[in-house]
Amino acid sequence: MGKIPWWKEAVFYQVYPASFKDTNNDGWGDIPGLIAKIDYLHDLGVNCVWLSPMFESPQKDMGYDISDYQAVYSRYGTLSDVDNLIAACHARGMKLILDLVVNHTSDQHPWFQESRSSKTNPKRDWYMWKPARYDANGNRMPPTNWRSYFAGPTWTWDELTQEYYLHLYDTSQPDLNWENEECRKAIYNEAMRFWLDRGVDGFRIDTVNKYSKRTDFPDAPVTMPGETDQPAAEMWCNGPRIHEFIREMNEQVLAPYNAVSVGELSNTPLPSQVLPYVSAAARELDMVFEFSTIRLGTGGPFHGKYLYREFPLSELKAYVATWQQWLEGTDGWHTVFCENHDNGRAVSRFGDDSTVESWEASAKTIALWQATLTGTIFLYQGQEIGMVNMPKEWAIEQEYKDVESLNFYREAKASGDAERIRKTEEGLRILARDHSRIPMQWDASPNAGFTSAGVSPWMRVHDGFKDLSVEKQEGDEESILGFYKKMLKLRKEYAGLFVHGAFRPVLQEDETLFVYVKDDQGSEESGVQADKKRKALVVMNFSGKPAILQEHNLNVAATLGSKHGGERLLVTTLKKKDLSMMEAGTLKPWESRVYLSY
Ligand code: ISL
Ligand code: CA
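Here the residue index of a chain counts from 1 through its sequence in written order. A letter from A marks each chain and a number from 1 marks each ligand, given out in the order of writing. Where local features are concerned, this predicted model is filtered to residues with pLDDT of at least 70; where side-chain atom pairs are given and counted, the filter is 80 or more; whole-chain, interface and lining totals use all residues. The basis for every side-chain value is the complete set of non-hydrogen atoms in the structure, without hydrogens or water.

Undergrad: I tried to follow the sheet that holds strand E2 (residues 48–51) on my own but got confused; where do I start?
TA: Across a sheet, strands are paired by hydrogen bonds formed along the backbone, either parallel or antiparallel in direction. Pairs of strands are assigned from DSSP output, requiring at least two bridges between the strands. Strands here mean DSSP runs of E at least two residues long; helices mean DSSP runs of H or I at least four residues long; both are numbered from the N terminus. Sheet architecture is open: eight strands sit in the order E13-E12-E11-E5-E2-E1-E15-E14, paired in parallel fashion. Looking at which strands have only one partner, the edges of the open sheet turn out to be strand E13 (287–290) and strand E14 (335–336). Alignment of strand E1 (residues 11–15) against E2, held across four bridges, turns out to be parallel. Pairing of Phe12 across the sheet is with Cys48, part of E2. In the packing of helix H3 (residues 79–91) onto the sheet, contacts are made with E2 and strand E5 (95–100), and the angle to E5 comes to roughly 140 degrees. Here a residue-residue contact requires only that any non-hydrogen atoms of the pair lie within 4.5 Å. Axis definition: a line fit to C-alpha positions, over the contact stretch in the case of helices; interaxial angles, taken between N-to-C directions, run 0 to 180 degrees.

Undergrad: Any chance you could explain the site of ligand 1 here in plain terms?
TA: Near ligand 1 you find 20 residues, and of these Asp61, Tyr169, Lys305, Asp342 and Glu404 are the closest. The definition of a polar contact used here is a pair of N or O atoms within 3.5 Å, where within protein one atom must be able to donate a hydrogen and the other to accept one, and adjacent residues in sequence count solely through side-chain atom pairs. Here an oxygen atom of ligand 1 sits 2.7 Å away from a polar atom, N or O, in the side chain of Lys305. One of the side-chain nitrogen or oxygen atoms of Arg433 is found 3.0 Å away from an oxygen atom of ligand 1. Coverage of ligand 1 by the protein chains reaches 97% of its 510 Å² of free accessible surface. Tallied by class, the residues present in the shell around ligand 1 amount to four nonpolar, five polar and 11 charged. We call a residue near a molecule or strand when any one of its heavy atoms sits within 4 Å of it. Here the open area of atoms and residues is found with the Shrake-Rupley method and a 1.4 Å probe, where only the protein chains shown may cover a residue. Residue type decides the class: Asp, Glu, Lys and Arg count as charged, Ala, Val, Leu, Ile, Met, Phe, Trp, Tyr, Cys and Pro as nonpolar, and the leftover types, Gly among them, as polar.

Undergrad: Sorry, what's going on with the domain arrangement of the protein here?
TA: How big an interface is tends to be reported as the loss of accessible area on association of its parts. The split into domains, and so the bounds of each, comes from an automatic or database assignment of domains. Per the domain assignment, the segments of the protein are domain 1 (7–103 + 181–217 + 232–473), domain 2 (110–166) and domain 3 (501–597). On a C-alpha basis, the centroid separation for the pair domain 2 and domain 3 is 56 Å.

Undergrad: So what exactly am I meant to see when it comes to unusual backbone geometry here?
TA: Excluding glycine, residues mostly have negative phi values, and the peptide bonds linking residues are mostly trans. Of note in this structure, Gln59 is not a glycine but carries a positive phi near 60 degrees. With respect to the helices, strands and loops of the structure, Gln59 is situated in the loop between strand E3 (55–56) and strand E4 (68–72).

Undergrad: Even after reading the chapter, I still don't get the coordination of the calcium ion (ligand 2), so can you show me in this structure?
TA: Tetrahedral coordination by four donors places them ideally at 109.5 degrees to one another around the metal; octahedral coordination by six donors ideally gives 90 or 180 degrees. A donor here means any N, O or S atom no more than 2.8 Å from the metal (3.2 Å for Na, K and Ca); water is not included, so a site may seem to lack partners. Only Asp22 (OD), Asn24 (OD1), Asp26 (OD), Trp28 (O) and Asp30 (OD) from the protein coordinate the calcium ion (ligand 2), and they sit 2.3 Å from it. Spacing between the donor residues of the calcium ion (ligand 2) along their common chain follows D-x1-N-x1-D-x1-W-x1-D. The exposure class of Asp26 is partly exposed, given its relative accessible area of 27%. Only protein chains enter the calculation, and the probe is 1.4 Å; a residue is then buried if its accessible area is under 20% of its type maximum, exposed if over 50%, and partly exposed in between.

Structural data, given as structure tokens:
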């Protein structure tokens, strides 16, 4: 058995640079700010930083619209700041990965500027251009009826050359044409090798399953009658040549540099579709983000994305069980995460942020939940202090900045349908991407220590920052931050159980308790042999009411099936002052525990 790769037991942490830490008082976070906080991350137990796009960009989609792959957006810093960041990470034994956004570029990228300049330009074919269609009355129509992710059609008319170009996202994000080999080579060189040569350790790969589109460009079936643009993800997700493209990227770039890769895999709900991306034998990606859990509560893709739908706990548990068990007997690997820059905060969605007590307890339960799941764990900035969604009273048009939120809101308003407007507002207040993008709350000073007093941050600071900040929690073992540190340590210490363990769900239909058993699978990395007798029982109360285990038919000893007949409490979310009142058979609201068998 060879040593397993470093990234399986590593803790990854996503930094959204605009909102992490501003050092030059322009209201935007920057790379020097991240460097200043590297020791904080190291102390938390982070092994690898994933930095969201910091490349040159007109910022129509917060840097996911890149106009120069080899330059740093000036508000974020310079190339030498990135070099310093790489050095700062490596000096502490940490790694750094960047975001690779190569499904599309910005329309300001020189490649697109050339491509759009004439039909005979050598880079014309680097993007996807198509002639118009005309209806019976001679009106010009896009080549297909596809709806884009950010509302409106996937096609924009370009006057100069009288053709449409394809964009799955904003009109300012034209899709690259991966069918063109020269274009692929340019991506590998300019967007990838350039950074790997500077020392970055790999990439989080944006929209990794969308590079191969159906090139016969059929209309999508009409599933939303009355709408001009129709959901059409099957036209571009997991397309005919996708695995060929990713294998090529791996063979030509990732593998030679021994670079770690984690692909973003939306619209791919079946394990059988996911396996080819992450099976070690397939030599494509090391891991992917699969979306079932993080999309819970969203009404559906496209037009319905921001229509909030309440979901029972059993639905969450079913997804977790599926994605914890699907790799058994395969050579694939998986990720564990519940937050990123595209979703509302976990404690506001899966926990309960309505009172101080429920906020604190449910944030810790989320920490315990994540830290005991199998796969590589990813945290998002602020998750470790239990950051919450923006206040419900904030005006959407003033405080929300995301192109997707604002387009959906505008679209709802244009419909004139009062119920749809109301539902969209309600949905955005829970699900909008903006919630995770407000400034990191460092301390109680004005602007939460994100930037100096008197500066206007690019997004408003949460009103509650004085009670919810790193400073307030640092040094307090019983805080959410303290608990994350503790859980991340336990996760490493018991890697055979938590990182690698076999997952067995218990009481799947119960709507209050979230329970599972982990069987020790050992850890080659730590050189620990699997202790077949050792098991962990994770019991979490996902409710604001006390839960009497017996009433839920849960017997800890019997469920663990301890070989030597015993179990011990490894960890609980309770504070010391409550421990004496701890009842073995009752969980307090949002309390959770892990028992180990012996
Ligand atoms: O529903 C979706 C978007 O609303 C997703 O399926 C989407 O395709 C996916 O989340 C892609 O996200 C990534 O690429 C986008 C960017 O805006 C996101 O921030 C990024 O994470 C376009 O580059
Ligand atoms: Ca700045």
